[in-house]
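Breakdown of the fold
Given next are the chains, with one letter for each unit.
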Amino acid sequence: MAPNLHTYYKTVDSLAEPFIDRLRQAVAIPSISADEERREDVVKMGMFLKSELEKLGAHVEARPLGKQPHKEHLELPPAIIGRYPAKKDESKRTILVYGHYDVQPADLSDGWATEPFKLSIDDKGRMYGRGSTDDKGPVLGWLNVIQSHKEAGIEFPVNLLMCFEGMEEYGSEGLDDFIIAECKPGKFFEDADAVCISDNYWLGTEKPCLTYGLRGCSYYSIEISGPGQDLHSGVFGGTAQEPMTDLVRVMGSLVDTDGKIQIPGLYELVAPLTKEEQSLYKDIAFTMDNLYESLGSKTGIYPDKERTLMGRWRYPSLSLHGVEGAFSQPGAKTVIPAKVTGKFSIRTVPDMEPPEVDKLVFAHVEKAFKSLNSQNKMNVFLQHAGKWWVASPKHWNFTAAAKAVEDVWKVKPDLTREGGSIPVTLTFEQATGKNVLLLPMGSSTDAAHSINEKLDRRNYIEGIKLLGAYLHYVAEEPTK
Ligand SMILES: NCC(=O)N[C@@H](Cc1c[nH]cn1)C(=O)O
Ligand SMILES: [Zn+2]
Ligand SMILES: [Zn+2]
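In this text, all values refer to a predicted model and were calculated from it rather than measured experimentally.

Definitions and limits used
Residues numbered from 1 in each chain as written. Chains lettered and ligands numbered in written order. Predicted model: local features only at pLDDT ≥ 70, side-chain atom pairs only at ≥ 80, totals over all residues. Pairing = 2+ DSSP bridges. Helix = DSSP H or I, 4+ residues; strand = E, 2+ residues; numbered from the N terminus. Axes fitted to C-alpha atoms, helices over the stretch in contact; angles between N-to-C directions. Expected span 1.5 Å × (residues − 1). Buried ≥ 20, exposed ≤ 12 C-beta atoms within 10 Å, placed from the backbone. Contact = placed C-beta atoms within 7 Å. UniProt positions renumbered as here; feature names shortened; annotations may be inferred.

So, on to the sheet that holds strand 16 (residues 377–386). Reading across from one edge, 13-15-11-16 is the order of the four strands in this open sheet, with antiparallel pairing throughout. Single-partner strands in this sheet number two, and they are strand 13 (317–324) and strand 16. Shown here is a sheet whose adjacent strand axes are inclined to one another by a mean of 20°, direction ignored. Pairing between strand 11 (residues 216–225) and strand 16: nine bridges, direction antiparallel. Bridged to Ser221 within strand 16 is Phe381.

The end-to-end C-alpha distance of helix 12 (residues 396–409), which contains 14 residues, comes to 19 Å, matching closely the 20 Å that a straight helix rising 1.5 Å per residue would cover. For helix 12, every residue scored as buried is listed here: Asn397, Phe398, Ala400, Ala401, Lys403, Ala404, Val405 and Val408. Residues of helix 12 that are buried make contact with strand 9 (194–197), strand 10 (209–214), strand 19 (436–438) and helix 14 (457–476). Two residues or fewer after helix 12 comes Lys410, characterised by a positive phi angle close to 60°.

Cross-referencing UniProt, the feature "active site" (unreviewed entry) maps to Asp102 and Glu168 in the present numbering. Considering the C-alpha atoms alone, the annotated residues occupy 67 residues of sequence yet fold into one spot, their largest mutual distance being 6.7 Å. Note on placement: Asp102 falls in the loop between strand 5 (94–100) and strand 6 (120–121). With respect to the helices, strands and loops of the structure, Glu168 is situated in the loop between strand 8 (159–165) and helix 5 (175–182). On the basis of neighbour count, Glu168 is assigned to the buried category, with 26 C-beta atoms found within 10 Å. Ignoring any residue separated from it by four or fewer positions in sequence, one finds Glu168 in contact with His100 and Asp102.

The subject of this paragraph is unusual backbone geometry. The omega torsion of the bond from Tyr84 to Pro85 falls at -10°, within 30 degrees of zero and hence cis. On the secondary structure map, Pro85 appears in the loop between strand 4 (79–84) and strand 5. Looking along the chain, the bond that leaves Pro350 and enters Asp351 is cis, with omega of 0°. Relative to the helices and strands, Asp351 resides in the loop between strand 15 (339–348) and helix 11 (354–370). With a phi close to 55°, Ser172 is a non-glycine residue in the positive phi region. In this structure, Ser172 sits in the loop between strand 8 and helix 5. Of note, the phi angle at His449 is positive, near 70°, even though the residue is not glycine.

Right, here's the structure in full:
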C-alpha cells in the first residue's frame with residue numbers, strides 16, 4: 001500500500017524557512033578539503049553536522065580517519081556517522097545514507113556574482129553558494145527529513161544509518177578502509193539493507209532521475225623543473241630551456257580539441273558498445289538545449305544527444321585542469337617559472353582498470369617528454385584514483401525511489417548514468433554486499449564545482465520530501 005505522506009509533505013513545506021537557514025549556516029563554513037589552510041573549517045563543518053544531528057536526537061560519532069596520506073602534518077577530517085532513531089528497531093529495514101560535507105575551492109575573484117560562502121537567494125528562488133548543491137543541500141536534506149518526522153509526529157519508517165565525510169572532493173582519502181572496517185560483523189554499518197547516496201544531478205531542469213552508474217577518476221600531476229629559481233624572460237629568454245614550454249607541449253599531447261584522448265592503447269581498455277546499450281540512449285529525456293543551458297554556450301563536441309550522453313557516461317574523457325607554479329594573475333608579468341606542475345584527470349569507464357590506465361599514461365607522458373630532448377627534469381605521478389561503478393537498477397531500492405519520485409514530482413524518473421565520480425560508491429557496494437542507489441536532488445544547471453553554484457529552492461524543498469518519501473517506500477518494498 002502506498003504510504004500516506006500528505007502530513008509529512010505539509011510539514012516540510014511549513015519548515016522551509018528553517019531548512020533554508022540551516023543551509024545558510026552550512027554554506028557559511030568554507031569547508032574546502034583541498035586547501036590545507038581550511039582544514040579547521042572542514043572539521044568545523046563536520047562538528048556542525050554532529051551537533052545538528054544530536055539536537056534531533058540521533059546517536060552520532062565523529063570518527064578520526066588518521067593522517068592525510070603524503071601530508072602527514074595534516075589530520076584528516078572525521079567521518080561523521082550516525083544512527084536515527086538512536087536505538088535500532090529490529091522490525092524495520094536499515095538504510096545507509098552517504099554524503100560529503102567538504103566543498104570545492106571558491107573565491108569571489110574566480111568570477112562569482114555573489115560571495116561564495118554566503119547563501120544568496122534571488123527572486124527566482126535560486127540559492128547561490130559553494131556547496132549548496134554539492135553536497136551540503138542533499139546532506140542537510142537527511143537531517144531535515146528527521147526533523148520533519150519529529151515535528152509532524154510521524155513514526156520514522158526505517159533505521160537510518162548515516163556516513164558523512166569531509167574529503168570527497170579530494171578523492172575520499174581515508175574513507176575506503178573505514179567503510180570496509182565498519183561493514184564487518186558487529187560494526188556500525190553491519191546491518192545496512194541498502195545504500196542511498198544523494199550527490200549528483202538531474203540531466204535537465206525538469207525531470208528527476210535515478211542513477212545507476214558513475215565514471216571513475218584517475219588524477220595525475222606532471223612536474224617539470226629546470227632553473228634554480230624563477231627567471232627574468234628578458235635576461236634569460238632564449239638562453240635557458242623553459243619548464244613551462246615543455247609542460248605545455250606534453251600536456252598538449254594528451255587530448256585533442258574534440259576530446260579524443262591521444263594516449264595509445266587507452267580506448268582498447270573500454271568495454272565495447274552493445275546494441276542493447278545503444279538503444280537506451282534515445283529514450284532519455286535530454287536535449288542538446290539542456291546541454292547548452294548547462295554549458296552556458298554552444299560549444300558541445302557532438303551535435304546529437306546520443307553521442308553526447310555516451311561521451312559523458314560510457315566513454316573516458318581527459319581534462320586538463322591547471323598549472324601550479326605558473327603565472328596566473330591579471331597583468332603581464334615577464335617571468336620564466338622555474339618549476340611547474342600540470343594537473344589532469346581521466347574519467348574512466350568499464351572495463352578500464354586504474355593500474356592499466358596509469359601504465360599507459362606514464363608511458364605516453366615519458367615518451368612525449370623524451371621527444372622534446374629537453375634537459376629539464378620531468379616527473380609524472382598519480383594523485384588519486386577512484387573506480388567507476390555500474391549497478392543494476394532492477395532492485396527494490398530503485399523501485400522504492402521511483403515510486404517516491406512519482407509521488408513528489410508526478411513523473412516517472414529516467415534511469416541515468418553520470419559522468420562524475422563518487423569513489424566510495426563502489427566501496428559501499430562491495431563492503432555491504434547490498435544495492436546502492438544514487439538519488440539526486442539538484443538539477444543540471446546547478447554549476448557544481450563551478451562559479452555561481454546554486455540549488456533551486458524548489459529542488460531543495462521537494463528534494464527533502466523525496467528523500468523522506470523514499471524512506472517510506474523502501475520500508476514497504478518487498479525484497480523481490
Ligand atoms: N558530486 C560528486 C563529485 O563532485 N565528485 C568529484 C570526486 C572527485 C574525484 N576526484 C576528485 N574529486 C568529481 O570530480 O567527480
Ligand atoms: Zn559531491
Ligand atoms: Zn563535487
